[in-house]
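Examination of the molecular architecture
Residue-level listing of the chains:
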Amino acid sequence: MTTQPVPPLDELAEAEALFASVHRSLAELREALESLKERAKTGEEIDATTASKTVTQLSETVARCQKAGLILNDCRNKQAGIVRGGYALDMDQARADIGCKLDRLRCSIGSGEFPE
């Protein structure tokens, strides 16, 4: 099993900034879409090209937001020591377990018995 290198704080900060930026863009596009919806409800004529562009931008921004969220999640997991499988290796516990096993082996060499 290989451990993932801990990302520098700059990488995590960049991922958070990217996610926040895309999230703001998504909110702005949502407002634009809500405005188009209200205008349509009141019977106001809506330019089909503008509406189509807004919906396309919204779809693209949702996809970018999801990708940015995944990147941010990966950075946070790396920072916490969690690998892609969703688990973290407790290095202190692993070190203690290995130490105990080595102690048992050392003891068994001289006495012929294995300590518990």
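Residues numbered from 1 in each chain as written. Predicted model: local features only at pLDDT ≥ 70, side-chain atom pairs only at ≥ 80, totals over all residues. Heavy atoms only, no water.

For helix α2 (residues 48-80), which comprises 33 residues, the first-to-last C-alpha distance of 48 Å matches the rise-based estimate of 48 Å (1.5 Å per residue) to within 8%. Residues of α2 that are buried: Thr54, Leu58, Thr61, Cys65, Ala68, Leu72 and Cys75. Gly81 lies just past α2 and shows a positive phi near 85°. (Helix = DSSP H or I, 4+ residues; strand = E, 2+ residues; numbered from the N terminus. Expected span 1.5 Å × (residues − 1). Buried < 20%, exposed > 50% of the residue type's maximum accessible area, 1.4 Å probe, protein only.)

What follows covers the nonpolar core. In this structure, Val22, Leu26, Leu29, Leu58 and Cys65 together form the largest nonpolar core, which totals 5 residues. Elements supplying a minimum of two residues to this core: α1 (9-41) and α2. The element best represented in this core is α1, accounting for 3 residues. Apart from the residues within four sequence positions on either side, Cys65 is in contact with Phe19, Val22 and Leu26. (Core = buried A, V, L, I, M, F, W, Y, C linked by side-chain atoms within 4.5 Å. Contact = heavy atoms within 4.5 Å.)

On to the side chain of Thr54. With respect to the secondary-structure elements, Thr54 resides in helix α2. Assessed through its relative accessible area of 9%, Thr54 is described here as buried. Excluding anything up to four places from it in sequence, Thr54 contacts Leu29, Ala32, Leu33 and Leu36.

As a further point, take the pattern of salt bridges. Under the criterion given, the structure shown has 3 salt bridges. Here Arg39 makes a salt bridge to Glu44, at a shortest N to O gap of 3.2 Å. Here Glu44 falls in the partly exposed class, since its relative accessible area comes to 41%. Residues Asp103 and Arg106 are paired through a salt bridge, measuring 2.9 Å at the closest nitrogen-oxygen approach. Of this pair, Asp103 and Arg106 both sit in helix α3 (residues 91-111), 3 residues apart, which is roughly one turn of that helix. (Salt bridge = Lys/Arg side-chain N within 4 Å of Asp/Glu carboxyl O.)

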